[in-house]
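# Overview (structure and organization)
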Amino acid sequence: MDYNMDSALLTKRNDHHQDDPEVDYHHKGDGYPAADHEYGGHDDNDQENGGLLRRTCSESKKLWYIAGPAILTSVLQYSLAAITQTVAGHIGPIELAAVAIQNLAISGIGFGAMTGMGSALETLSGQAFGAGQLYMLGIYLQRSWIILICTAVVMSLIYIFSTPILILLHQNREIAVVAGRFSKMMLPQLFAFAINAPMQKFLQSQSKVVAMAWISGVVVVLHAVLSWLFIIKLGLGLVGAAITLNLAWWLVNFALFVYITIDCVDTWSGFSWLAFRDLWGFVKLSMASAIMLWLEYWFIMLLLVLIGALKNAEIPLAAASICLNLDGWYFMVTLGFLIAISVRVSNELGAGRPKAAKFSVVVAVFTSLSIGIVVMVVILTTRKVFPALFTDDEAVKAEVRKISSLLAISVILSSIQPVLSGMAVGAGWQSVIAWVNIGCYLVVGLTSGVVMGYKFHLGVQGLWGGVLIGFFVQIIILLIITWKTDWKREVSLAKERIAEWGGTSVVASTD
């Protein structure tokens, strides 16, 4: 790879895009138009001329085109570990517990960190795509790969020393030893996360989400068959579980990369030395993204640890696990809206359409909230019935019924919070929101939860109530930030960001 050749090619591509504003790259492949314009076409005034109902329907269509496949992809990829855990249950109870802890705690750390750091790509690629700086998407993808692979090397220590870490967290020693052995075998999955997260953000920023759902669906079916074959039929136990789960993630990565090289000809031009430029700025945004999103994921995991530390925690922990499992599945739905609004906001800001970006946020919040209200009603009306789907223990059923109202509140808050977080990612506010999350989750939520749960002996209700207080305060702060945001200024900041980490700055360096 020659740096001067890369720079010259970038100059040529950007000049071509500026000279031909009528070229519409949004309609390539399965990508849905990110905005109702070709470059140099319609603007915010054209949007305002349409009726509110027509504008809402149009925006809703764009959101669902991204959110629908994104939700399906999230559920399918979430199912990979669930299938492995289910089949591992046929090996033995110790192995089942070990796989469950590894998936939830150890791999959860890796997945959360990689997904969070990959969100930097979501901001930059989305805004560059909206601005027509298509060539930079491939450069951003490679920069993200470099940073995430280096991070995975460091995080591999958690996998290697997972046994003493789990013992330190007061986990059963026998289970911790087996989980530690399984974690070492799952190291390839960590690096698969590092490759996968940037490719997903790269494709999502172009609204190319349908292919990801298809690929994930095919791999899930194949994974289910191979898990039965390796774990049960061939009797390979945890070794078979590791082989099949690692293979599944790398198959997804291989298929996504092939798709990118075939269908993303305008945004992927091969590997380039330009990927090694401006890495520090990319690292800072990636770290802020990781803190912002990783805290949201791990705060729930921390809740389970705190519940497990209660006296006579078996029944409360079992009940909380059932409710949080349901909450986790619902999060897959809201995660789709987080992805969709991030793409919509970043695309519209990059295209210079501040009013369209703001309108997209409003539509996304009301859409997600409407779904949350329906789910909340279902939970409250079936609170005496649905616990029986998960347990036969009457004490656990009674505890689930007792805390189901907290689950309903969590669903409502989870309908708003991810959308606002997605908006923050699309606008590039990760650094600010990271501090907001630290204050709301750790200072407000954790403190109030511990005080109510332990000091006032409210148990699960107190601990989970504290978490919900933290979520509520975070939502209020995000709503205030959104309300006071100057969206025209955000457009200017998006242009500056594109110029700083690519685009015009790189072109200028070749003059």
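- By the naming in an unreviewed UniProt entry, the protein goes by Protein DETOXIFICATION and is assigned to Macleaya cordata.
- Regarding the protein, the relevant UniProt record gives this comment under Subcellular location (unreviewed entry): "Membrane".
- If you open the UniProt record of the protein and go to Sequence similarities (unreviewed entry), you find "Belongs to the multi antimicrobial extrusion (MATE) (TC 2.A.66.1) family."

### Notes on the overall build of the protein
- Along the protein, the regular secondary structure elements total 18 helices and zero strands.
- Counting all 511 residues of the protein, 56% fall into the buried class.
- Sequence-distant contacts in the protein: of pairs separated by 6 or more residues, those separated by 24 or more amount to 83%.
- Accessible surface for the protein amounts to roughly 21,100 Å². Of this, 70% is attributable to carbon and sulfur atoms.

### With respect to empty space enclosed by the protein
- Under the definition given, this model contains two cavities of 30 Å³ or more.
- Computed from the structure, the second largest cavity encloses a volume of approximately 50 Å³.
- Considering the residues around the second largest cavity, the lining is formed by Phe299, Leu302, Leu303, Leu306, Gly445, Leu446, Gly449, Val450, Leu463 and Val467.
- Residue assignment for the lining of the second largest cavity shows that the elements contributing at least two residues are helix H11 (279-308), helix H15 (430-455) and helix H16 (459-484).
- Looking at the lining of the second largest cavity residue by residue, the classes come out as eight nonpolar, two polar and no charged.

### Details of the packing of helix H12 (residues 314-350) against helix H13 (residues 354-381)
- Running from N to C, H12 and H13 point in directions that differ by 170°, and their axes come no closer than 9 Å. Taken as axis vectors, H12 and H13 run roughly antiparallel relative to one another. On the side of H12, the interface is formed by Tyr330, Thr334, Phe337, Ile341, Arg344, Val345, Glu348 and Leu349, while H13 contributes Ala356, Ala357, Ser360, Val361, Ala364, Thr367, Ser368, Ile371, Gly372 and Val375.

### Examining the packing of aromatic side chains
- Within the structure shown, the criterion is met by 14 aromatic pairs.
- Seen in terms of ring centroids, phenylalanine 111 and phenylalanine 193 are 5.4 Å apart; in terms of plane orientation they differ by 75°. Their pairing is edge-to-face. Residue phenylalanine 111 is located in helix H4 (residues 93-131), and its partner phenylalanine 193 is located in helix H8 (residues 187-204); the two are separated by 82 residues in the primary sequence.
- The class of phenylalanine 111 is partly exposed, set by a relative accessible area of 34%.
- Residue phenylalanine 193 is classed as buried on the basis of its relative accessible area of 5%.
- Both rings, one in tryptophan 145 and one in tryptophan 268, keep their centres 6.0 Å apart while their planes meet at 75°; by these two values the pair is edge-to-face.

### Describing helix H17 (residues 487-500)
- Taking 1.5 Å as the rise per residue, H17 with 14 residues should run 20 Å; its terminal C-alpha atoms sit 20 Å apart, in good agreement.
- For H17, every residue scored as buried is listed here: Trp487, Glu490, Val491, Ala494, Arg497 and Ile498. The arc enclosing the buried residues of H17, seen along the axis, measures out at 120°, which places them on a common side. Across H17 from its buried face, at more than 90 degrees, point the exposed residues Lys488, Lys495 and Glu496.

### Structural notes on unusual backbone geometry
- For serine 207, which is not glycine, the phi torsion reads 60° and is therefore positive.
- Locating serine 207 in the fold gives a position in the loop between H8 and helix H9 (210-233).
- A positive phi angle is found at histidine 457, which is not glycine, with a value near 55°.
- Within the secondary structure, histidine 457 is located in the loop between H15 and H16.
- Judged by its relative accessible area of 68%, histidine 457 falls in the exposed class.

### Topic: the environment of lysine 402
- Note on placement: lysine 402 falls in helix H14 (residues 394-427).
- Distance from lysine 402 to alanine 319, taken between C-alpha atoms, is 9.3 Å for residues 83 residues apart in sequence.

### Some remarks on the pattern of salt bridges
- Applying the stated rule across the entire model yields seven salt bridges.
- Of the charged contacts in the structure, one is a salt bridge between glutamate 59 and arginine 344, with a shortest N-O distance of 2.9 Å. Of this pair, glutamate 59 sits in helix H3 (residues 52-88) while arginine 344 sits in helix H12; the two residues are 285 residues apart in sequence, bridging distant segments of the chain. With respect to class, glutamate 59 is no different from arginine 344; both count as buried.
- For lysine 208, the salt bridge identified is with aspartate 263, shortest N-O distance 2.9 Å. Placement of lysine 208 in the loop between H8 and H9 and of aspartate 263 in helix H10 (residues 237-263) is noted, with a sequence separation of 55 residues between them.
- Given the relative accessible area of 3%, lysine 208 is considered buried.

### Some remarks on the nonpolar core
- Among the nonpolar cores identified, the biggest contains 141 residues, and Phe202 and Trp464 are the most heavily contacted of them.
- Residue contributions to this core reach at least three from each of two domains, namely domain 1 (57-277) and domain 2 (278-493).
- Excluding anything up to four places from it in sequence, phenylalanine 202 contacts Leu121, Leu137, Gly138, Leu141, Ile260, Cys264, Thr267 and Trp268.

### Notes on a nonpolar patch on the surface
- Nonpolar side chains collect at one region of the surface, where Trp228, Leu229, Ile232, Leu234, Leu236, Val239 and Ile243 lie side by side and expose about 580 Å² of accessible area between them.
- Of all the secondary structure elements, the ones that give two or more residues to the nonpolar patch are H9 and H10.
- Sorting elements by how many residues they give to the nonpolar patch places H9 first, with three residues.
- With respect to the helices and strands, the residue isoleucine 243 is situated in helix H10.
- On the accessibility criterion, isoleucine 243 (38% relative accessible area) is partly exposed.

### Points about the side chain of asparagine 196
- Structurally, asparagine 196 can be placed in helix H8.
- Residue asparagine 196 is classed as buried on the basis of its relative accessible area of 3%.
- At 2.6 Å, the side chain of asparagine 196 forms a polar contact with the side chain of glutamine 200.
- A distance of 3.1 Å separates a polar atom in the side chain of asparagine 196 from a polar atom in the side chain of asparagine 253.
- Look past the residues within four positions of asparagine 196 in its chain and what remains in contact with it is Gln77, Trp249, Val252, Asn253 and Leu256.

Conventions used here
Residues numbered from 1 in each chain as written. Predicted model: local features only at pLDDT ≥ 70, side-chain atom pairs only at ≥ 80, totals over all residues. Heavy atoms only, no water. UniProt positions renumbered as here; feature names shortened; annotations may be inferred. Helix = DSSP H or I, 4+ residues; strand = E, 2+ residues; numbered from the N terminus. Buried < 20%, exposed > 50% of the residue type's maximum accessible area, 1.4 Å probe, protein only. Contact = heavy atoms within 4.5 Å. Areas by Shrake-Rupley, 256 points an atom, 1.4 Å probe, with all protein chains shown as cover. 1 Å grid on protein atoms, 1.4 Å probe; cavity = no way out; pocket = protein on both sides within 12 Å on 5 of 7 lines; lining within 4 Å. Points joined across faces, edges and corners; volume = space filled by probe spheres on them. Nonpolar A, V, L, I, M, F, W, Y, C, P; charged D, E, K, R; others polar. Axes fitted to C-alpha atoms, helices over the stretch in contact; angles between N-to-C directions. Parallel < 35°, antiparallel > 145°, perpendicular 65-115°, else oblique. Phe/Tyr/Trp six-rings, centres within 6.5 Å; stacked < 30°, edge-to-face > 60°. Expected span 1.5 Å × (residues − 1). Arc of directions from axis to C-beta. Salt bridge = Lys/Arg side-chain N within 4 Å of Asp/Glu carboxyl O. Core = buried A, V, L, I, M, F, W, Y, C linked by side-chain atoms within 4.5 Å. Domains from an automatic or database assignment. Patch = residues over 30% accessible without salt bridge, like charges linked within 9 Å, V, L, I, M, F, W, Y side chains within 5 Å. Polar contact = N/O pair within 3.5 Å; in protein donor to acceptor, adjacent residues only side chain to side chain.

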